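Residue-level listing of the chains:
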Amino acid sequence: MIEVDIQKRLYKSMVLIRYAEEAIGDYRRDGVIKTPCHLYIGQEAIAVGVCDVLKREDTVWGTHRSHGHYLAKGANLSQMMAEVFGRFTGCSKGRGGSMHLVSPKEGILGTVPIVAATIPIAVGAALAYSMKREARVSVPFFGDGSTEEGHFFESMNLAAIYKLPVVFVLENNLQASHMHLLERRTSDNLDRLGDFYNMPSERVDGNDVQAVRDCAEKAVSRARRGDGPSIIEARTFRWRGHVDWREDDDVGLLREDTLSMWKPAKCPIELLKRQMLARGVEQNFFDEADGEVLNNVKDAVEYAVTSPVPDDTQLLTHVFVNSER
Amino acid sequence: MKIMNMVNAINQAIDLKLEEDPDIVVFGEDVGVEGGVFRVTENLQKKHGARRVFDTPLAESAIVGSAVGMAVAGLKPVIEMQFSGFVYPAMNQIISHVARIRNRSRGRYGAPMVIRMPYGGGINALEHHSESMEALFAHTPGLKVVIPSTPGDAKGLLISAIESEDPIIFMEPKRLYRAIKQEVSEDKYSIPIGQAKVLSHGSDLTVVAYGALIREVQRAMVKAKDMGISVELIDLRTIYPIDKTTVIESIKKTGRLVVVTEGPGSFGVGAELITIANEEAFLHLEAPPKRVSGFDTIVPLPKGEHHYIISPDKILFEIEKTVKY
């Protein structure tokens, strides 16, 4: 079992994502946030477990559902909140919204809603690290739906033949938009995706942050040593709908039976908490951690709502290097 | 000075830049060992090594996508699409990322790269092997589109393209690859992107063209001269950003405009130029501006290509009609 200090760090990081996204869901429901938001609630252990073994200079690449990746990699909460609220102080200056989060210092170089589209970019970044002999690792996070896109296979192949420092993190939440895995594939065999490319692949319980972290540690060390890419299939479940705060009752999906198997029984935060309590961590720690995170989230929301929106001078900027700034 | 065709000139531009800048990498389908299907990158791998000039699988999306990651990580990719019509699988990457990453990062980083592709008809191949889709790229904010018409221009423009901090679509008129030879300086020199060139000064009518069609216009001009018509020929050289100033000045002088482009006419570069004429030089016009373009269809079979391709007689017909209007 990992050290208690690490567990505490993982716990706080997961709670941060949970509380931040619950707030985002509420403000979205109330119409204060105007942009569609894809929530990661229920899947926190994956981003947190993987990013905990990454270095600051390692890069992660995301999707439309990337608040968790951004926060787990250590990027700024207030700037993310401001971005989701469409403010000029946001991490993408109010131009990106929930789906285009950018924070170069922490290695968040692209979260994009086009399914699978950042996977080849992650591979290219790894190719650059390898050519420049930098010991950096590139980590694309993507959902099970991405494995039905062509980019994904092209990218797996490139990473394998050039032996690149990539850790492919497949977050299998069993849903692509609104379709279940078994409606889209003949079998539940995504743990075998590496076979074609002689790439190690491992299936892990994506709601068990310690298991994710252990698995990621192996894959990241392998990549950093120059031994090539790996793929992790982390099994999880998305608690909210494909987009926004609802649990998909809005689109008439019969999802309740499956959701009830995961929520709250397999909550990644509760699972870790039980493990920590069993080894003697006091309840006091959780109360304090929860309170601190909740205050940080409130401060971030306050920062967001009091920040200015982008003005019209921003419309034509940054199309090219010399566009009006 | 040395006698070169366009293949030699482009090869030399890439060679000089590879020598000068260690961050430049050249890759694509068959560009390494074989030197490209048109031999444009011949010997570059031998000279600069397989680390910097390399072959990839047949995976256009991953080629462009990984180039984005490499550019973000500080390298300068100069990549080849084997034919311009093979770029379609990579359009997602080009439009979603290559063109937008600077805007998305609000100027903090971009994806400067050169995507080279042979384009246009004249080699008796249909569809994807003969298409002129410069308007697609020119219509995508964030991309610059360059098309040379001579070996000397190809070298100077490509050097500028490689040195640019913006992504450049560099379209090479494959029909001219070995068709024209001229004296080209062996030194490194550059021609600015965004500047058209007046190839012949004239007083009766302005013809704007680019790429392979410059030669066809020049053939038409021989006959026009015999008819006593003085044509001012402008080689656009850069499609976007378009050199409005040169075009407007010329129209104000001649009062007449014919635009010659090979791609389908509707919504194309000709439409843009005629709009510029209407918006900026309307009161100087003495005849309706005219397009000579390809048809709104797929480039036909080898045996039918001559029905599509623009002949000097077709250009001459419109020149005469416009002058006599």
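Heads up: these notes are all about the structure in this document. Being a predicted model, the structure only gives us computed values, none of them experimental. (Residues numbered from 1 in each chain as written. Chains lettered and ligands numbered in written order. Predicted model: local features only at pLDDT ≥ 70, side-chain atom pairs only at ≥ 80, totals over all residues. Heavy atoms only, no water.)

On to the sheet that holds strand 9 (residues 197-200) of chain B. Residue and element names in this part refer to chain B. The mixed open sheet is built from 5 strands, whose spatial order is 9-11-10-13-14. The sheet is open, and its two borders are formed by strand 9 and strand 14 (290-294), each paired with just one other strand. Averaged over all pairs of adjacent strands, the angle between strand axes in this sheet comes to 25°, irrespective of strand direction. Contacts from helix 12 (residues 312-323) reach strand 10 (205-209), strand 11 (231-235), strand 13 (257-264) and strand 14 within the one sheet, and its direction differs from that of strand 14 by about 170°. (Pairing = 2+ DSSP bridges. Helix = DSSP H or I, 4+ residues; strand = E, 2+ residues; numbered from the N terminus. Axes fitted to C-alpha atoms, helices over the stretch in contact; angles between N-to-C directions. Contact = heavy atoms within 4.5 Å.)

Residues and elements named next belong to chain A. Strand order in the open sheet made by the 6 strands is 2-1-3-4-8-7, with parallel pairing throughout. A strand with exactly one partner marks an edge of an open sheet, and here the two such strands are strand 2 (108-111) and strand 7 (201-205). Neighbour-to-neighbour, the strand axes of this sheet turn through a mean angle of 20°, independent of strand direction. On the sheet, helix 2 (residues 44-51) packs against strand 1 (59-62), strand 3 (138-143), strand 4 (167-172) and strand 8 (230-235) and is oriented at approximately 170° with respect to strand 3.

Right, let's talk about the packing of aromatic side chains for a bit. Residue and element names in this part refer to chain A. Within this structure, the stated rule accounts for 16 aromatic pairs over all chains. Taken together through their ring pairs, the aromatic side chains of F142, F152, F153 and F168 make up a single cluster. Looking at R246, its charged tip hangs above the ring of W245, at a distance of 4.1 Å from the centre. (Phe/Tyr/Trp six-rings, centres within 6.5 Å; stacked < 30°, edge-to-face > 60°. Lys NZ or Arg CZ within 6 Å of the ring centre and 35° of its normal.)

This part covers unusual backbone geometry. In the segment running from K263 of chain A into P264 of chain A, the intervening peptide bond is cis, with an omega of 5°. Tracing the backbone shows P264 of chain A in the loop between helix 9 (256-262) and helix 10 (268-278). Note that the residue after Y240 of chain B, namely P241 of chain B, is joined by a cis bond; omega there is 0°. Secondary-structure assignment places P241 of chain B in the loop between strand 12 (238-240) and helix 9 (244-254). The phi angle at K163 of chain A is positive, at roughly 55°, despite the residue not being glycine. Looking at where K163 of chain A falls in the secondary structure, it is placed in the loop between helix 6 (150-161) and strand 4. Of note in this structure, N198 of chain A is not a glycine but carries a positive phi near 50°. By secondary structure assignment, the location of N198 of chain A is in the loop between helix 7 (181-184) and strand 7.

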